[in-house]
Every structure is written in C-alpha cells, then in structure tokens.
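The chain contents come next:
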Amino acid sequence: NAGVTQTPKFQVLKTGQSMTLQCAQDMNHNSMYWYRQDPGMGLRLIYYSASEGTTDKGEVPNGYNVSRLNKREFSLRLESAAPSQTSVYFCASSYQTGNNQPQHFGDGTRLSIL
Amino acid sequence: AQSVTQPDIHITVSEGASLELRCNYSYGATPYLFWYVQSPGQGLQLLLKYFSGDTLVQGIKGFEAEFKRSQSSFNLRKPSVHWSDAAEYFCAVGSDRGSTLGRLYFGRGTQLTVWP
C-alpha cells in the first residue's frame, strides 16, 4: 500500500538552483496538495489541485510553481531556490476537495538551501 | 478567517498517565475538525475527524476527542498513554467557504514526550 509517494526524501541545493519535487498517489484521489512545514509553524498550504487540470494558490505560493501532470502526479518546482525555502515539504491527497474528505500525507522531502 | 490554536507547544507525561491536548478553533459556521499525529521523520497520519453528530469522536490508537461548540474547542484525549504515543500532534480545521473550500488550516502542533 504505497499511498502518497514523494521523491526525493532529502535534497541540498545552492541558492539560485532550481529543483522539482515529485509526488504521486495511487489511491485514485482527485485532489492533491503541497504543504511546507517549518518549526513552530505547523503546516502551511503552498498550492493545491482540486482536480486534474486545475491548480490554485494556497497561503504561501510565492517562489513556487506546480504542475498537475495527470491524476496521479503533482509536482512542485522551485525556479530559483532561496535559503528561506529551507523546509520540509509534504504532499497530500484526498478523494475530492471537500470537508468530509481527510487528506493523506506522504513522508516528506527535507530540503536545505545553502 | 479560519484559524487553529494549540496552546501547548510541549507536553510531558508519564507512561500510563492520562493525556489531554488542547485545540481551539476560530470559524464562523459548523467546523470540520481533524487531529493528525506525526512521528519523527514521517508524514501526518489521521487520528480522528469530526463533521457532525455525536460530539465525542473515537479515533485510532485509543484516542478520542470532544467537540464543544460553546468553547470552540476540540481537545484530544487518551486515558492511558503508551511510550509509542510520543510524537507531534496537529489539530486542523477545514474550510467550506468559496475560494478556500476544502483547505485545511493547521495549528502549530504539540510535541508529546512520554517518560517511562
């Protein structure tokens, strides 16, 4: 039971480099989400995709772009990494964007920007 | 705007003791509430959820939570804590409004330490 799979698990970048974080789910979910987790801040929503072909901004979208490649995959791109983007990034999915639908999380990508 | 407050950043209890983690929310209508647990190096796992109906909700791993509308609270409880319960716990509220439909707003988390 894979659930939500994130790659890579760890990454170190230099300031200004670009990178794409990958996320795939095998639960046939329609909605997918990207969060960042910083110490003492809980999780904050970066972008989400209510369904294949749509994406919307969350609370902290600046410096990021996303692509909903197909129903299974939702990627997060940092075009020019900055030290402030050092964080743990979580991908999540739910059957649909609705409040009776819990979100299922991957194990995270730990990203350090030097 | 929706928000969640977890007043306790860190709680320490002895194994076998009872546990209550506090959560207060700010929301204009009937809230959709969740508790998640995060073990070190792992993602978040859903413990329980409240949508409507019975205000006492049972979850996995022996946890329960009680929704109290008058106090805007959704506190998590466990009668007897096990060492394996040491983790970080997050309360979240879901939005059912317009452009924020389906979003979850998380509290900052409570770190639980369990003494043997």
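Within every chain, residues take consecutive numbers counted from 1 along the sequence as written. For this description, chains carry letters from A and ligands carry numbers from 1, given in the order in which they are written. Two thresholds apply to this predicted model, a pLDDT of at least 70 for residue-level local features and 80 or more for giving and counting side-chain atom pairs, whereas whole-chain, interface and lining totals are computed over all residues. The basis for every side-chain value is the complete set of heavy atoms in the structure, and neither hydrogens nor water enter the calculation.

(A) Here's a closer look at the pairing of strand β6 (residues 44-50) of chain B. Residues and elements named next belong to chain B. By this definition, two strands are paired if DSSP reports at least two bridges between them. Starting at the N terminus, helices and strands are each numbered in turn, a helix being any DSSP run of H or I of at least four residues and a strand any DSSP run of E of at least two. Strand direction decides the pairing type here: strand β5 (residues 32-38) and β6, joined by six bridges, are antiparallel. Note that in β6 the partner of Val 37 across the bridge is Gln 45. Linking β5 back to β6 in an antiparallel pair, the connection comprises five residues, with Gly 41 at a positive phi of about 75°.

(B) Representation of unusual backbone geometry within the structure. The peptide bond linking A:Thr7 to A:Pro8 adopts the cis configuration, its omega dihedral lying at -5°. If you check the backbone angles, A:Asn28 has positive phi at about 60° while not being a glycine. Mapped onto the elements, A:Asn28 comes out in the loop between β3 (19-25) and β4 (31-38). One non-glycine residue, B:Ser72, lies in the positive phi region at around 50°. One can find B:Ser72 in the loop between β8 (64-68) and β9 (73-78).

(C) Focus on the interface of chain B and chain A. With 24 residues of chain B at the contact, the number on the chain A side is 24 residues. As a working definition, buried area equals the accessible area (1.4 Å probe) given up by two parts on being put together, with both sides summed. With both sides pooled, the region where chain B packs onto chain A buries about 1,900 Å², and carbon together with sulfur makes up 53% of that total. When the area that chain B buries against chain A is broken down by residue, the three leading residues are B:Arg103, B:Phe106 and B:Arg108, summing to 27%. Any carboxyl oxygen of Asp or Glu that lies within 4 Å of a side-chain nitrogen of Lys or Arg is treated as forming a salt bridge with it. For the pair chain B and chain A, the interface holds zero salt bridges. By the criterion applied in these results, polar contacts are pairs of N or O atoms within 3.5 Å in which, for protein atoms, one can donate a hydrogen and the other can accept it, and in which residues neighboring in sequence qualify only through two side-chain atoms. Where chain B packs against chain A, one counts four residue pairs in polar contact (both at pLDDT 80 or more). Elements represented by at least two residues in the side of chain B that touches chain A include exactly β5, β6, β10 (87-94) and β11 (104-106) of chain B. Here the side of chain B that touches chain A takes four residues from β5(B), the largest share from any one element. Whether two residues are in contact is decided by their heavy atoms: any pair within 4.5 Å suffices.

(D) Spotlight on the sheet that holds strand β7 (residues 65-68) of chain A. All names here are of chain A. Pairing is antiparallel in the open sheet, where four strands are placed in the order β1-β3-β8-β7. At either margin of the open sheet sits one strand with a lone partner, and together these are β1 (4-7) and β7. The mean inter-strand angle of the sheet, taken between neighbouring strand axes irrespective of direction, is 15°. Relative to β3, β1 is paired through four bridges, and the arrangement is antiparallel. Of the residues in β3, the one forming a bridge with Gln 6 is Cys 23. To obtain an axis, a line is fitted to C-alpha atoms, over the contacting stretch when the element is a helix, and the angle between two such axes runs from 0 to 180 degrees between their N-to-C directions.

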